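# Tertiary structure, described
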Amino acid sequence: MLKVENLIKSYQDGNELLYALNSVSLTVEHGEFVVILGPSGSGKSTFLNVISGLESPDSGSILYDDYEIGKLQQKELTLFRRDKTAFIFQAYYLLPFLNVEANIKMGADLKGNQHIREIIDGVGLGGLEQRLPHELSGGQQQRASIARALAKKPDFLFCDEPTGALDEETSKQILTYLKKLQKQLKFTIIMVTHNSSIAQIATKVIKMSSGRIVEVTNNAHPCDVS
Ligand code: ADP
Ligand code: ADP
């Protein structure tokens, strides 16, 4: 379970404080697929970065099962992030000197994952294993970075516009695969997106506005990707 309470994160904006997160609380059960929607500047990315331990909040608590991440030493936080979490960003961050397969294995080596082959095929990169990132299209690079995150077998998968660089058909394929893998491996997905149609497949839809959660909708029977 992830339990977030009264998160506050502010930035200095001239003489005033700008509240990117203004007392945000949320509970997410294991295996949920959470989608975070909201206008640009509403705090979505800040929320994702703070709950994943990338940035620290001004105040508030973030509890993952037994881990209160604000109380961990830097080394423990690094281990927690390495062993339990994975990230899919809009930008790809593939290592330019490693081929597709080696990039994807980077995540997997941490857990001795035997399923690289399935993951490469699952995201539709079969046959491109030996290419370097600059020899891939934008969409293919995005798929490689998704595969790398999945190869880690995370407990918590954080996604910031994961399908933003993909056409509609490829997005559907990737989301279908993501849901299938989530069913098998039972990880939790927390996804920021502008694409409100993804909300249909989520178990929980959160709307943010001006640094606050203004709406939470639980969906006991999410649709398949359509
Ligand atoms: P969203 O992801 O919903 O577009 P963000 O979380 O990126 O929103 O930003 C929320 C607010 O915090 C915005 O007003 C943004 O300008 C501000 N903000 C985010 N990061 C920083 C930063 N590093 N320094 C100053 N202001 C920031
Ligand atoms: P996408 O819609 O996935 O972004 P593109 O239209 O950019 O696809 O690319 C189409 C095809 O061209 C892909 O199969 C890709 O392998 C190939 N391609 C694109 N850029 C490069 C490159 N720099 N080197 C080699 N092949 C490329």
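Everything numeric in this text was worked out from a predicted model, so none of it was measured.

The number of helices and strands found in the chain is six helices and 10 strands. Summarising its shape, the C-alpha atoms of the chain cover approximately 50 × 40 × 35 Å along the three principal directions. Within the chain, the fraction of its 226 residues that count as buried is 47%. When contacts within the chain are restricted to residue pairs at least 6 apart in sequence, those whose partners lie at least 24 apart make up 69%. Element-wise, carbon and sulfur atoms account for 49% of the exposed surface of the chain, whose accessible area totals about 11,200 Å². In the chain, the 24 positive side-chain charges and the 26 negative ones have mean positions that sit 3 Å from each other.

What follows deals with the site of ligand 2. If you check the shell around ligand 2, you find Arg131, His134, Glu135, Ser137, Gly138, Gly139 and Gln140 and nothing else. Histidine 134 places a polar main-chain atom, nitrogen or oxygen, 3.0 Å from a nitrogen atom of ligand 2. Contact between ligand 2 and glutamate 135: a nitrogen atom at 3.4 Å from a main-chain N or O atom of the residue. Considered on its own, ligand 2 offers 560 Å² of accessible surface; in the complex 39% of this is hidden by protein. Counted by class, the shell around ligand 2 contains no nonpolar, five polar and two charged residues.

Every residue lining ligand 1 is accounted for by Tyr11, Leu18, Ala20, Pro39, Ser40, Gly41, Ser42, Gly43, Lys44, Ser45 and Thr46. Between an oxygen atom of ligand 1 and a main-chain N or O atom of glycine 41, the distance comes to 2.7 Å. With the chains in place, 59% of the 560 Å² that ligand 1 exposes on its own is no longer accessible. Counting only elements with at least two residues in the shell around ligand 1, the list comes to β2 (16-28) and α1 (44-51). Split by residue class, the shell around ligand 1 holds four nonpolar, six polar and one charged.

Thresholds, definitions, all that
- Residues numbered from 1 in each chain as written.
- Chains lettered and ligands numbered in written order.
- Predicted model: local features only at pLDDT ≥ 70, side-chain atom pairs only at ≥ 80, totals over all residues.
- Heavy atoms only, no water.
- Helix = DSSP H or I, 4+ residues; strand = E, 2+ residues; numbered from the N terminus.
- Buried < 20%, exposed > 50% of the residue type's maximum accessible area, 1.4 Å probe, protein only.
- Contact = heavy atoms within 4.5 Å.
- Areas by Shrake-Rupley, 256 points an atom, 1.4 Å probe, with all protein chains shown as cover.
- Lys, Arg positive; Asp, Glu negative; His and termini not counted.
- Charge placed at Lys NZ, Arg CZ, Asp CG, Glu CD.
- Near = heavy atom within 4 Å.
- Polar contact = N/O pair within 3.5 Å; in protein donor to acceptor, adjacent residues only side chain to side chain.
- Nonpolar A, V, L, I, M, F, W, Y, C, P; charged D, E, K, R; others polar.

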